[in-house]
Protein chains: 8
Amino acid sequence: MDKENIIEILHKYKSGSICEDEVLDYLKKFPYENLVFAKIDHHRALRWGFPEVIYCPGKTPDQVKEISLNITKKNFNLLATRASEEIYQTVKKAIPDAKFNEIGKTITCIKKERNKIKGKVIIVTAGTSDIPVATEALETGKMLGLDISIIIDIGVAGIHRVLDHKNLLDSASVIIVVAGMEGALASVVGGLVSSPVIAVPASIGYGASFEGLTPLLSMLNSCVPGIAVMNIDNGFGAAFLAFKILNTLNTIEKT
Amino acid sequence: MDKENIIEILHKYKSGSICEDEVLDYLKKFPYENLVFAKIDHHRALRWGFPEVIYCPGKTPDQVKEISLNITKKNFNLLATRASEEIYQTVKKAIPDAKFNEIGKTITCIKKERNKIKGKVIIVTAGTSDIPVATEALETGKMLGLDISIIIDIGVAGIHRVLDHKNLLDSASVIIVVAGMEGALASVVGGLVSSPVIAVPASIGYGASFEGLTPLLSMLNSCVPGIAVMNIDNGFGAAFLAFKILNTLNTIEKT
Amino acid sequence: MDKENIIEILHKYKSGSICEDEVLDYLKKFPYENLVFAKIDHHRALRWGFPEVIYCPGKTPDQVKEISLNITKKNFNLLATRASEEIYQTVKKAIPDAKFNEIGKTITCIKKERNKIKGKVIIVTAGTSDIPVATEALETGKMLGLDISIIIDIGVAGIHRVLDHKNLLDSASVIIVVAGMEGALASVVGGLVSSPVIAVPASIGYGASFEGLTPLLSMLNSCVPGIAVMNIDNGFGAAFLAFKILNTLNTIEKT
Amino acid sequence: MDKENIIEILHKYKSGSICEDEVLDYLKKFPYENLVFAKIDHHRALRWGFPEVIYCPGKTPDQVKEISLNITKKNFNLLATRASEEIYQTVKKAIPDAKFNEIGKTITCIKKERNKIKGKVIIVTAGTSDIPVATEALETGKMLGLDISIIIDIGVAGIHRVLDHKNLLDSASVIIVVAGMEGALASVVGGLVSSPVIAVPASIGYGASFEGLTPLLSMLNSCVPGIAVMNIDNGFGAAFLAFKILNTLNTIEKT
Amino acid sequence: MDKENIIEILHKYKSGSICEDEVLDYLKKFPYENLVFAKIDHHRALRWGFPEVIYCPGKTPDQVKEISLNITKKNFNLLATRASEEIYQTVKKAIPDAKFNEIGKTITCIKKERNKIKGKVIIVTAGTSDIPVATEALETGKMLGLDISIIIDIGVAGIHRVLDHKNLLDSASVIIVVAGMEGALASVVGGLVSSPVIAVPASIGYGASFEGLTPLLSMLNSCVPGIAVMNIDNGFGAAFLAFKILNTLNTIEKT
Amino acid sequence: MDKENIIEILHKYKSGSICEDEVLDYLKKFPYENLVFAKIDHHRALRWGFPEVIYCPGKTPDQVKEISLNITKKNFNLLATRASEEIYQTVKKAIPDAKFNEIGKTITCIKKERNKIKGKVIIVTAGTSDIPVATEALETGKMLGLDISIIIDIGVAGIHRVLDHKNLLDSASVIIVVAGMEGALASVVGGLVSSPVIAVPASIGYGASFEGLTPLLSMLNSCVPGIAVMNIDNGFGAAFLAFKILNTLNTIEKT
Amino acid sequence: MDKENIIEILHKYKSGSICEDEVLDYLKKFPYENLVFAKIDHHRALRWGFPEVIYCPGKTPDQVKEISLNITKKNFNLLATRASEEIYQTVKKAIPDAKFNEIGKTITCIKKERNKIKGKVIIVTAGTSDIPVATEALETGKMLGLDISIIIDIGVAGIHRVLDHKNLLDSASVIIVVAGMEGALASVVGGLVSSPVIAVPASIGYGASFEGLTPLLSMLNSCVPGIAVMNIDNGFGAAFLAFKILNTLNTIEKT
Amino acid sequence: MDKENIIEILHKYKSGSICEDEVLDYLKKFPYENLVFAKIDHHRALRWGFPEVIYCPGKTPDQVKEISLNITKKNFNLLATRASEEIYQTVKKAIPDAKFNEIGKTITCIKKERNKIKGKVIIVTAGTSDIPVATEALETGKMLGLDISIIIDIGVAGIHRVLDHKNLLDSASVIIVVAGMEGALASVVGGLVSSPVIAVPASIGYGASFEGLTPLLSMLNSCVPGIAVMNIDNGFGAAFLAFKILNTLNTIEKT
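Residues numbered from 1 in each chain as written. Chains lettered and ligands numbered in written order. Predicted model: local features only at pLDDT ≥ 70, side-chain atom pairs only at ≥ 80, totals over all residues. Heavy atoms only, no water.

In this assembly, 39 residues from chain E lie in contact with 39 residues from chain F. Summed over both partners, the interface of chain E with chain F buries about 3300 Å², with 63% contributed by carbon and sulfur atoms. On the surface where chain E and chain F come into contact, there are 0 salt bridges. Counting across the interface, chain E meets chain F through 9 residue pairs in polar contact (both at pLDDT 80 or more). Of all elements in the fold, only helix H4 (37-48), helix H10 (184-192), helix H11 (213-220), strand S9 (228-229) and helix H12 (235-254) of chain E reach the threshold of two or more residues within the side of chain E that touches chain F. At 11 residues, H12 of chain E tops the list of elements feeding residues into the side of chain E that touches chain F. Looking at the side of chain E that touches chain F residue by residue, the class counts come to 22 nonpolar, 11 polar and 6 charged. (Contact = heavy atoms within 4.5 Å. Buried area = accessible area lost by both parts, 1.4 Å probe. Salt bridge = Lys/Arg side-chain N within 4 Å of Asp/Glu carboxyl O. Polar contact = N/O pair within 3.5 Å; in protein donor to acceptor, adjacent residues only side chain to side chain. Helix = DSSP H or I, 4+ residues; strand = E, 2+ residues; numbered from the N terminus. Nonpolar A, V, L, I, M, F, W, Y, C, P; charged D, E, K, R; others polar.)

Printed below as a string of structure tokens:
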């Protein structure tokens, strides 16, 4: 439509019905982003496999359902995070093949084949209590086309449990560490491998964890340089960064 | 030496002067890390170009000088961050070809050719006040072999200044955003590009910036998923993560 | 009554039944505010359309009902914020034509024609989750006589969504930005327009948003000078400030 | 220049040397902001009287000097805030008619007549210690063309000192309150007047003021609805908001 | 009993069956507090009318019941604060004449005539939401024998509402101010009167009140010197301090 | 003068040259505070011995000097707190008999006999490091006419040091406790005596004291009910509250 | 199995089918931790009586059940902390002789005789509200073989209650203090005894206790040197430290 | 003297010059602590080797000198911490054989042979920057008679550096870990050994370390149970706790 508008203007100009200044005037006011950004966004959506991820808190079940329908109708893949059982039930009525991961609290629906992103991603969790966050990362990673898997319950208190997995950790291109308590696992893993480490502080812990503030600060202050820190419990963000890192590869390979 | 110890044990065993159980016993007590980790570290140092980066605060000039000599004597490249003029003068006496970057507060000394890491890294700063942190990142990046450069003074208050650089930003494989105040630049840049964004909160600002706490929290809460957040003013860490990201891609390419 | 008291004193004085000193003594003790402030308040209430807005938290349903009745009986317009369904049901029994906005949690009842305040006010929200706060602002604005409307879901992550609305934003005399997460929308909008921007941090977000503390700090530290910051989730206050701003302009016009 | 580029393209199109698709392609890549935003910025600068205000902390004296020269050479008025004596001396060498306000820490230089903005602005300070912040606001306001003045040392501890100025306060279109300690003055003044109140927390006070955090929180939580809160000690921002509020009037009057 | 022990020792000593050193030895080990402190405590309980006030949170209903019985059996007056309905029902079964104040959440039972403490105490509340805290103070004050009463809903936003009560406030020997939001009422009242003011921050308010942290800090930083600040919502403590202040009078009068 | 204005009005009214309505009109606009508050303030100043205490931080030496002169010229007693040596030297030039207490950082000058307030006040300090704060309280107390003295270095770590002074503590009508570290002394002293205890947190201590935040919180949470808490290091405020408490008792005695 | 692998290698070497270098190569890659750490862990488990303590928050009842079964099947003693009634019921179905302590929220099951650790441990609680935390410590201590007991309700407000127990406190080798409010009990007890004191802040208290932050900070800042501070409400950790302290003494005795 | 007072009373009683009641009366008022506590303190001082450790901050050089002289005159050993060079010079004039440790900032003077406490104590530091804190612990430990030594620069970033020292760590009865940054070393060491670990957070680090708050929180939240946490930079306290732990052994051995 916008394209047609411009073409119309150009035709008028060529035919002489409007002058040069009128074209310039039109262009100044033209909603440039329709030309420039929409294309970028479209490009991004195609490459990423979904145009938007729905963050459920603060949204009503009906709002989530509407946005979900909007996405799946365009045959994009659906990913909603932090969904409640109630939200899922509402979405399911409209999109019967939507799936719910009860632990990771994600709703997904695959409408077209997902990407295949080169490079292995491993999620490491310090304790059983970190599994929900790790699962959110896992589900997100899968939707984004990552080759992603989890190693559960590698705590720093028994350092040999970490060392036991050194070879496996070395095989990963990106590592996501989910840890509550003091979050030291990020430093220990970061010190063992040379690949980038994404650290996700978890909110489970005793009082002075302050709902994840302690591992957040701990990870930001890691003595291992270059740990990428996420928001508290943000498994989704961690998987997304892993995706962006591996995705960047394509660009470089082309050069 | 350790290797010789083991060989000696093996010889004794083969010659029958010690029995199987004695070998097992010896192996259980053997300082394993000499076998395993030393090799890993050596490998890492060779690949990265320097075995350790010196963080100067809390160290005396003499301590920094000693560690620096230790590094340069082994013909490794030297990088010391947060160095004062006084520390530099002390180091310079021992290592005359050491260089000081007054703005970035880094001491460097190149003893062997640096790596060449594929992929472009761009540092974006929100204001002139962020230049010291950006310079620390720049100097670190150069020592790590990155193809790295800076765009100065792109503030969110004039969004067109950011948009003006969109093509340049798109050309980067990794982007480092240094921003104080409310740190919104990380989100705006992150929303424009598809490559990974590393955000460094800067400590300059009015009172309620709380010496960088505000942009730190802001970046951790970015509505753009997957921003990698660093500690306040930690330009060094940002460059290091950029290095790890691009370094990991090389690994994948090989496979 | 008070007026009658004074008149009585004056008559006594004129008639000589009390002396000058007795009048002075009386005046010193006289509750001056009945003379001075009551008038001011009355004036303010008339001009604003309601004498008090009821903030419901910490009040019992019956207390809210009583205050509401007190207001509507005097034919003032009623506005109660942060009302629960239970409070509304209690109020409704006493004031059958009271309306409840379930999303904005406001109870309103129009008893007399509302003001018409010149100047357009636009509320911009960063995400669907911010709608409740934006709705509180909308409902408040309407009761205060503002020409007020909402633009929903303009996030910084897709900067073009903001730019798309530039002309509309330019048409506003006052803009209210409601944003959670990192609150960067306030800066981006503030950088695009020249009218005053009122920023309301929203409490929805991941852990390190600390229930709205992050966007609050972010907005206070905006690199755009002169952003007016409100308390967390305080849509009511934002609309009130917009009202005061536009109201003050009318005063100037008269001069 | 950009304009010429477009005209050239249009001529080529009209002459048939390039086709419709080539024009479209060109437009998509065209740096839109040169068309749209540059104009806006220019317009804004002309209307506001200066294109940028220099915030000195974190900048070297030479950097401030360079930016200052850049501004004054274009005959824009200069305003630099939080300047040290040393910075001023450096600027003065390059711009001999630059003025320094020692209390407000502002450097100013008037190159063209300032605006005249209709509407009175009054700055109210709680104590002598708040004068530096109030002076920053005063100097900024003057540069922006405001009719602005100060009332010093009106503390809540002696409420009559506030009440004494009620008539004067009522005459203002916008009031700026600078207060440290508990910042209660913002609420008291806000409760007395109907014009918008801009509150600036000051950092002077006993330990538990936490360098201005207490009055900041206090002002954000004012029981008077619609107080516009600024960052700690940010007198500049307060004057800027006052300017934006009064400036918006022009727009409305035109309608 | 203890007294008898000592007497026995003394008799033995006088009769020569134990020597001087044995008496000294006994005295060194003697539980001195039985001599000294028990008397003090007894004295205090008699004068105050109850030996202990029960703070219910963290205690089971049965625990509260047991402690209550323990107190009432000795014919002391009972005061339990922060009691739930459930706790009250449990206590009531054991102590049928126990009373529950639903708003103040206090359980009381009068077993003997309460003290009569000279001097008037007035509780001032900023808003209806502060009534529960004020009621806790009122109930506590009554149990302690204070001549205590409440003035409700005197907010700073309408300063005349405070001034209206100046004469009444002047008549008080001690004033307790309960205020949430920004807590400015403590300063305003403190500036009007010369008697000691006890300030109690209340936890009701918008997000950045941080559950009472804001008025707490505000009251600690009051520009009125010598405000006595209590913990958040601690109406009990405020009444207790008022009691201690007026109680001290007896001592002085005697001198 | 104001009084004369009123009298003039009354005379005019009596003589019939103005009517009743004109008197009423005049009274409404009359600056009431001149009638009411000025008297109160005057009364307060006379009773308290000085009209204002100068808090020096944020004031220039000249500003302090000017305010000081203003006070001493009216023959009021002078008290300035937190004064630097430099400020004192400036004040001394104008007021040669001004005294400086180097430890308490107070400037005083006695122009008329100070009050004699009945009731003993004792300041207790936990350690030698608390002496500056205690001295500020002592100097303030003396200026206010208190019978005030100090007990130094009574720490909780050696509880017998506290118990040793029990009789002395019992003899006080008001006790001021100055303590840093964990501030436990306030609770221990508060548990031993029945008179009101005023607690002043001190800022000296290890890192996690957070410059006095820890003893501040500790004192607010004391298990002893009714501790009156002051701002960090606010010895002045503590003495002022002691004064208010004892002053109010005198009022009661009169009744 | 691993052992067999090594033996096989050694046999091959002795028989000459592999050379010295091949053995070295094998050893470098050998999963060292199987040799070294497994033994350590086994040793530790045997000595401590259980290999792992289950922290229940964030785990599903089924997860706790599975881990519990895993432990009891190996005939280790079971200890799970922070268990809900629901978790207990799930565990009980699988392990019928599991016991639940409702106050301390611990699940225990004794499969083999517990250790007997020399040295008395006493838990001291400041108030009835601290009993749950103290009970967690008690239950943990018993499982670890400590000679451990509780003294309830020794508050600092009545210092004689502490002094009354001095002899008992002196008899302990390690003392655990559980205290909420201002946590002063840790300092008072620490000042009375010479044995190590372990302090556990409790989360019950008024608003400004900030859920245990106040006693935590208070204990960290104790004026008594060498108080060992635990996380908020962490009774388990306190008992564990007491165990480690007494356990280490046994080691020394052996030497 | 006190003893003589009692003896005198007893003699009077025996001789009949005073009666039983008079003795009882005397005993009630008797300063019990002279009997009971003085002995305890004396005993403690003898056993510990010094009666008080001087914490210098907030004390003048002269105050430190006076307290030091007081201690050395009684032939007790002297330990002052956090001393400046200036304080040392002042002390040295009075006590010529006082020694200053420039790194640990301790002043010591040995007047009598120090204790010999059984059991090895090892201090582990994460980085060179932690040496000052570790040195304070070392000097304190030596004065207390501990067999204490330091291992420097064992960081978690290179986990093998920790593992290399496992045997040495195992040989210690108590381990003190000093660590800044994220403080993960405490957890890693704590997971490797079975002896008690005392963790000291250090204040050196990037911005979001918040001067040691991060490692403090990290250590409190360690996933290794029973870490004893000290205040930030409190090396003194750590050594003191190590002393108390090993000292407790004597008591147990005797039993």
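So much for the structure itself; the text now carries on.
To continue, consider unusual backbone geometry. Negative phi is the rule for most residues except glycine; trans is the rule for most peptide bonds. Although it is not a glycine, Met 181 of chain E sits at a positive phi angle of roughly 45°. Within the secondary structure, Met 181 of chain E sits in the loop between strand S7 (174-179) and H10. The exposure class of Met 181 of chain E is partly exposed, given its relative accessible area of 22%. A positive phi angle, near 55°, is found at Arg 82 of chain F, a position not held by glycine. The topology assignment puts Arg 82 of chain F in the loop between strand S2 (78-81) and helix H6 (85-94). For Arg 82 of chain F, a relative accessible area of 26% translates into the label partly exposed. (Buried < 20%, exposed > 50% of the residue type's maximum accessible area, 1.4 Å probe, protein only.)

In this section: the relation of the copies chain D and chain B. Mapping chain D onto chain B calls for a rotation angle of 90° and an axial translation of 0.1 Å; the resulting RMSD is 0.2 Å. Taken together, the rotation and translation describe the operation of a four-fold axis. Considering only C-alpha atoms, the part of chain D nearest the rotation axis is Phe 210 of chain D, at 7.3 Å. (Least-squares fit on C-alpha atoms with pLDDT ≥ 70 in both.)

Take the pairing of strand S4 (residues 106-109) of chain D next. Residue and element names in this part refer to chain D. Side chains Thr 106 and Thr 108 of S4 all project onto a buried face; the interleaved residues Ile 107 and Cys 109 project onto the opposite face, where all are buried too. With 3 bridges connecting them, strand S2 (residues 78-81) and S4 associate as antiparallel partners. Residue pairing across strands places Leu 78 opposite Cys 109, the latter belonging to S4. As paired elements, strand S3 (residues 99-101) and S4 share 3 bridges and run antiparallel to each other. Bridging across to S4, Lys 99 finds its partner in Thr 108. (Pairing = 2+ DSSP bridges.)

In this section: the relation of the copies chain E and chain F. Note on the identical chains: chain E maps onto chain F by a rotation of 180° and an axial translation of 0.0 Å, with an RMSD of 0.2 Å. Here the symmetry operator amounts to a two-fold rotation axis. Both copies contact each other with a shared surface, as 100% of the interface residues of chain E are interface residues in chain F too.

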